[in-house]
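Coordinate analysis (summary)
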Amino acid sequence: MDLFDKIAPLPAQHEQIAAMGRDPFGVCMDEVRSATEAIIRGKKVILAGSNNYLGLTFDPESISAAQNALARQGTGTTGSRIANGTYANHRELETELASFFGCKSTLVFPTGYQANLGMISALAGPGDYILMDAHCHACIYDGCRMSGATVIRFRHNSPADLDKRLQRLKRSDSNKLIIVEGLYSMLGDIAPLAEFAEVKRKHNAYLYVDEAHSVGIYGQSGQGVVEQAGVSADVDFIVGTFSKSLGSMGGFCASNHPKFDYLRLASRPYMFTASLSPSVVASVLTALRRIRREPELRDSLWRNVHAFYDRLAAIDLTLAAAPSPVIAVMLPQREEAVLAWNRILDAGVYVNLAIPPGTPDTSSLLRCSVSAAHSQDQIETICGAFEYVAESIREYNARGSNPRTASHVGD
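None of these values were measured; they are calculated from a predicted model.

Cut-offs used in this document
- Residues numbered from 1 in each chain as written.
- Predicted model: local features only at pLDDT ≥ 70, side-chain atom pairs only at ≥ 80, totals over all residues.
- Heavy atoms only, no water.
- pLDDT = per-residue confidence, 0-100.
- Contact = heavy atoms within 4.5 Å.
- Patch = residues over 30% accessible without salt bridge, like charges linked within 9 Å, V, L, I, M, F, W, Y side chains within 5 Å.
- Areas by Shrake-Rupley, 256 points an atom, 1.4 Å probe, with all protein chains shown as cover.
- Salt bridge = Lys/Arg side-chain N within 4 Å of Asp/Glu carboxyl O.
- Helix = DSSP H or I, 4+ residues; strand = E, 2+ residues; numbered from the N terminus.
- Buried < 20%, exposed > 50% of the residue type's maximum accessible area, 1.4 Å probe, protein only.
- Arc of directions from axis to C-beta.
- Domains from an automatic or database assignment.
- Buried area = accessible area lost by both parts, 1.4 Å probe.
- Polar contact = N/O pair within 3.5 Å; in protein donor to acceptor, adjacent residues only side chain to side chain.
- Nonpolar A, V, L, I, M, F, W, Y, C, P; charged D, E, K, R; others polar.
- Core = buried A, V, L, I, M, F, W, Y, C linked by side-chain atoms within 4.5 Å.
- Pairing = 2+ DSSP bridges.
- Axes fitted to C-alpha atoms, helices over the stretch in contact; angles between N-to-C directions.

Some points on the confidence of the model for the protein chain
Atomic detail in the predicted coordinates should be set aside for any region of low pLDDT. Chain-level statistics for the protein chain give a pLDDT mean of 93 and a share of 95% at 70 or above. Scored below 50 in pLDDT, residues 402–411 shows 16 contacts in the model against residues more than four places distant or in partner chains.

A closer look at a nonpolar patch on the surface
A cluster of nonpolar side chains, namely Leu 3, Phe 4, Ile 7 and Leu 10, defines an oily patch on the protein surface of about 440 Å² accessible area. Summarising the element assignment, Phe 4 is placed in the segment before α1 (10–18). What makes Phe 4 exposed here is its relative accessible area of 57%.

Here we look at helix α7 (residues 193–202)
Buried residues of α7: Leu 193, Phe 196, Ala 197, Val 199 and Lys 200, and no others. What you see down the axis of α7 is that its buried residues fit within an arc of 160°, all on one side. Considering only its buried residues, α7 is in contact with β6 (150–154), α6 (159–167), β7 (176–181), β8 (206–210) and α8 (225–229). Following α7 by one or two positions, Asn 204 has its phi on the positive side, about 55°.

Concerning the environment of Tyr 113
Along the chain, the position of Tyr 113 falls in helix α4 (residues 112–123). Overall, Tyr 113 belongs to the partly exposed group, its relative accessible area being 37%. With 137 residues separating them in the primary sequence, Tyr 113 and Gly 250 have C-alpha atoms 8.4 Å apart. Apart from residues lying up to four places away in sequence, Tyr 113 is in contact with Cys 139 and Asp 142.

Details of the domain arrangement of the protein chain
Taken domain by domain, the protein chain comprises domain 1 (8–57 + 295–399) and domain 2 (60–293). Inter-centroid distance (C-alpha atoms) of domain 1 to domain 2 is 27 Å. Residue-level contacts link 25 residues of domain 1 with 24 residues of domain 2. With both chains or domains summed, domain 1 and domain 2 bury close to 2000 Å², and 61% of this area falls on carbon and sulfur atoms. Where domain 1 meets domain 2, there are five residue pairs in polar contact (both at pLDDT 80 or more). If you list the elements that add at least two residues to the side of domain 1 that touches domain 2, you get α11 (296–313), β12 (326–331) and β15 (364–369). Looking at side-chain class alone, the side of domain 1 that touches domain 2 contains 16 nonpolar, six polar and three charged residues.

Some remarks on the nonpolar core
Leu 366 and Phe 386 are the most contacted members of the largest nonpolar core, which totals 93 residues. The residues touching Leu 366, leaving out its near neighbours within four places in the chain, are Ile 327, Ala 328, Val 329, Leu 331, Ala 337, Ala 340, Trp 341, Ile 344, Val 351, Asn 352, Leu 353 and Phe 386. Grouped together as the second largest cluster of nonpolar side chains are 24 residues, Cys 139, Leu 177, Phe 260 and Tyr 270 included.

Some thoughts on the pairing of strand β3 (residues 43–47)
As paired strands, strand β2 (residues 37–40) and β3 are joined by four bridges and run antiparallel to one another. The partner of Ile 39 across the bridge, within β3, is Lys 44. Taking the residues that link successive antiparallel strands as the turn, the β2-β3 hairpin has two residues, and the phi of Arg 41 there is positive, at about 55°. Direction of pairing for β3 relative to strand β13 (residues 349–350): parallel, over a ladder of two bridges. Within β13, the residue paired with Ile 46 across the bridge is Val 349.

A few points about the sheet that holds β6
Across the sheet, seven strands lie side by side as β4-β10-β9-β8-β7-β5-β6; this open sheet has mixed pairing. Strand pairing shows two members of the sheet lacking a second neighbour, β4 (105–109) and β6, which therefore form its edges. Here the average twist between neighbouring strands, direction ignored, is 20°. Examined bridge by bridge, β8 and strand β9 (residues 237–241) share three bridges and lie parallel to one another. When the sheet's bridge partners are listed, Asp 210 is paired in β9 with Val 239. Sheet contacts for α4: β4, β5 (129–133), β7, β8, β9 and β10 (251–255); angle to β9, the most-contacted strand, approximately 155°. Contacting β5, β6 and β7, α6 crosses the sheet at an angle of about 145° to β6.

Written out as structure tokens, the structure is:
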């Protein structure tokens, strides 16, 4: 027996995928030139799978703020928040986030993954119930496992199924925590939060919403799907990340619960990891303030979303959801998706390849993320690549090609 026996099928699967062209899970950005362009293997590529929704990774104000913080406070904190790792700008960021979401308190984590891990494992425990949407992100699943609570999955975006499952627990006086996402990162669909809030009130449960992919994008002020749905008063915990619209790294949770700050002494992923570096905090603060004062960033994004979506909808490909900054093209077979991903990269466009088991409902996806920074010409080029791929897939299927013997896709 070997430690690696548990992952024995992976090498063969990976080799089969890589044999069809490039390795989609090891793409190296040799140089990133802007929010929407990079160099991959010496070739200029348009980035259409970066989650850089507002295009703020090269924001001059954020870069300047990070550089100044780096010069004044050094490269890192070398400690956790409960030791030496709480700096004045950590508290400034938490205060700014609380104001942005209209909440009393926020906790900031080094990553969005850790935010979910730290919050769920601290909030729920043995004797509690977690009811989670089946399409939730892996970090939510992992946080649920860490909690020790009884975990019940309900059908994706189904308030009726959630209600039915809560009905079975109606005699229990245990805590019940409902976990959903605002915008789902794979298919690009949004949660019916008004209906979920109604179910939450009916069963006296707590509602936890992960807005990782929707902060800065939805709602009049960019708070997310919670704001757009008008259910801020019904949501007990809002979690998100700084690595998407805010163009940096880190995560957070915002809440009005009067005992919320005590989680600083209970959340192990918060307590036992070094805090965010001052330069990262400074860039996030600057980007957040831009989002608050410049709604035109969201306007630009949504113009690009609709232009992008309308063009793809006219091609003979299946789109997973209604228009959102995440636009996923669904393909029935893994081999088709790998072939298409290689052809699109050949055409100078980078998108995400997502295949089972990392996708919902065993779908294979070409996942695009639209940015406010995409130019009209770039959107035309991206959509042109998909038009080319649609024709290639039709020809591929007509030939009945064997993916193992398909010709290597050139660099």
